[in-house]
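Residue-level structural notes
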Amino acid sequence: MDLRPIVLLLGDAYRCDLALWERDRAIREADPSRERIVLFADETSPGSLDLDLQSSPLFFLGRHFVVRGLEKVRKPKPWAELVGRDVPSGTYVTFVAADLPAGHAVRKAAEAQDAVFSLPAPPARTAAGAVREVFARAGLDLPAASAAEVVSRTGGDLLAASREAEKLRAFTGGERLTAAAVNALVFSAAEPTAYPFYDRLGERDLAGALDALVELRDDPGRLLGGALRHIVRLAMLRVLLEAKAPSEDQSEAIGAPPWLVRRLVPQAKRFSTEELAAVLDLGVTLDAEIKTGGRRAPDALLALLLAATRRPSAAARG
């Protein structure tokens with residue numbers, strides 16, 4: 001990163017910290033005596049920072065001010081004025097923000113100075129590769145098969161992934177990282193959702209569905225309703241596949257984005273139309289029994305799960 005006096009780092013926390021570390025290293029290489037001062041925008045007034053910027057340090061030749069949390073300030077205009085201010089030679093300022101909208105005063109001021117470094121979080125399709133890069137930076141070769149698991153457990157948060165990498169590096173002591181170690185030690189920071197359960201249900205994977213169900217704390221009646229909606233989508237998709245409908249029509253018909261349709265197609269192919277109709281018929285009956293007090297919701301959910309995950313018939317194959 002270049003050594004312009006004032007910059008704004010915008011985006012993913014891990015990538016911003018990495019860019020900040022590189023900028024600070026470059027500043028210290030230019031002059032090891034420089035002082036680093038870390039401030040938080042919601043705890044600091046722009047007026048006092050302006051006075052500090054214009055004053056001369058007593059014991060250091062220069063200073064590097066790091067101002068975090070700029071997205072939290074309620075009155076951004078005074079901060080925007082600081083971005084365009086001239087600072088003494090040897091003084092550097094790095095503003096860090098998680099996100100600022102396009103019209104935000106500070107962002108506009110930094111863009112006018114060509115001083116914005118946008119560092120967004122990786123999209124979902126590249127999150128596994130980004131996590132492997134984080135582990136590589138920590139000196140660990142994360143098995144490709146484990147990258148998706150780390151993404152799932154950290155919610156794709158690269159900063160959380162970097163902390164897990166440091167923990168695993170301490171655990172392995174420099175030895176080869178195994179999938180077993182990842183599964184045993186990576187902490188699940190993301191709130192569990194029902195979607196893995198629905199996917200295992202659609203894949204007719206009884207063991208996997210039960211494992212996913214153990215992680216959930218949701219109401220069984222609500223899970224049954226969600227499972228029925230998932231089966232309805234698969235039934236509609238199965239009919240569309242048999243009719244050889246184009247993928248665009250499939251997406252529009254079931255009201256799902258193309259990436260989700262691509263994920264659901266293999267699930268729909270595991271059932272015949274008749275099997276899906278039978279599961280739906282059972283689900284409607286079970287739902288009615290719950291509402292009339294004839295069956296407990298956990299029992300109804302288990303009955304639907306067992307029916308949906310029975311061995312596929314020959315008609316469903318292919």
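Located above this text is the structure these notes cover.
Let me sum up the structure you'll find in this document. Counting restarts for each chain: residues are numbered from 1 in the order of the written sequence. Only residues with pLDDT of at least 70 are given local features in this predicted model, and only at 80 or more are side-chain atom pairs given and counted; all residues enter the totals for whole chains, interfaces and linings. In computing side-chain values, all of the structure's heavy atoms are included and hydrogens and water are not.

1. Examining unusual backbone geometry
For the record, the criterion: Strands are runs of DSSP state E lasting at least 2 residues, helices are runs of H or I lasting at least 4, and numbering of each runs from the N terminus. Only protein chains enter the accessibility calculation, which uses a 1.4 Å probe. A residue is then buried if its area is under 20% of the maximum for its type, exposed if over 50%, and partly exposed in between.
Look at Arg204: it is not a glycine, yet its phi comes out positive at around 60 degrees. Summarising the element assignment, Arg204 is placed in the loop between α9 (195–202) and α10 (206–215). According to the relative accessible area criterion, Arg204 is buried, its value standing at 10%. Backbone geometry at Lys244 places phi at a positive 55 degrees, although glycine is not the residue there. Within the fold, Lys244 resides in the loop between α11 (220–242) and α12 (247–254).

2. With respect to a nonpolar patch on the surface
The condition that has to hold: Patch membership is restricted to residues that have no salt bridge and whose relative accessible area is over 30%. Joining uses 9 Å for like charges and 5 Å for the nonpolar side chains Val, Leu, Ile, Met, Phe, Trp and Tyr. Under the convention used here, a 1.4 Å probe and the Shrake-Rupley method define accessible areas, while residue burial counts only the protein chains that appear. The term salt bridge refers to a pairing of a side-chain nitrogen on Lys or Arg with a carboxyl oxygen on Asp or Glu at a separation within 4 Å.
Together, Leu206, Leu210, Leu302 and Leu306 make up an exposed nonpolar region whose accessible area comes to about 290 Å². Inspection of the secondary structure assignment puts Leu302 in helix α15 (residues 297–308).

3. Topic: the sheet that holds strand β4 (residues 91–97)
Definition in use: Should DSSP find at least two bridges between two strands, the strands are taken to pair. Between the N-to-C directions of two axes lies an angle of 0 to 180 degrees, each axis being a line fitted to C-alpha atoms and, for a helix, fitted only over the stretch in contact. Throughout, a residue-residue contact means that at least one pair of heavy atoms, one from each residue, lies within 4.5 Å.
If you walk across this open sheet you meet the 5 strands as β2-β3-β4-β1-β5, and the pairing is parallel. Each end of this open sheet is capped by a strand with a single partner; those strands are β2 (35–40) and β5 (116–119). This sheet shows a mean twist of 15 degrees between the axes of neighbouring strands, independent of strand direction. With 5 bridges joining them, strand β3 (residues 63–68) and β4 adopt parallel strand pairing. Bridging from a neighbouring strand, Phe65 pairs with Val93 of β4. Against the sheet, helix α2 (residues 46–54) makes contact with β2, β3 and β4, and its axis sits at roughly 165 degrees relative to β3, the strand it touches most. The strands that helix α4 (residues 105–112) touches are β1 (6–11) and β5; relative to β1, the one it contacts most, it runs at about 125 degrees.

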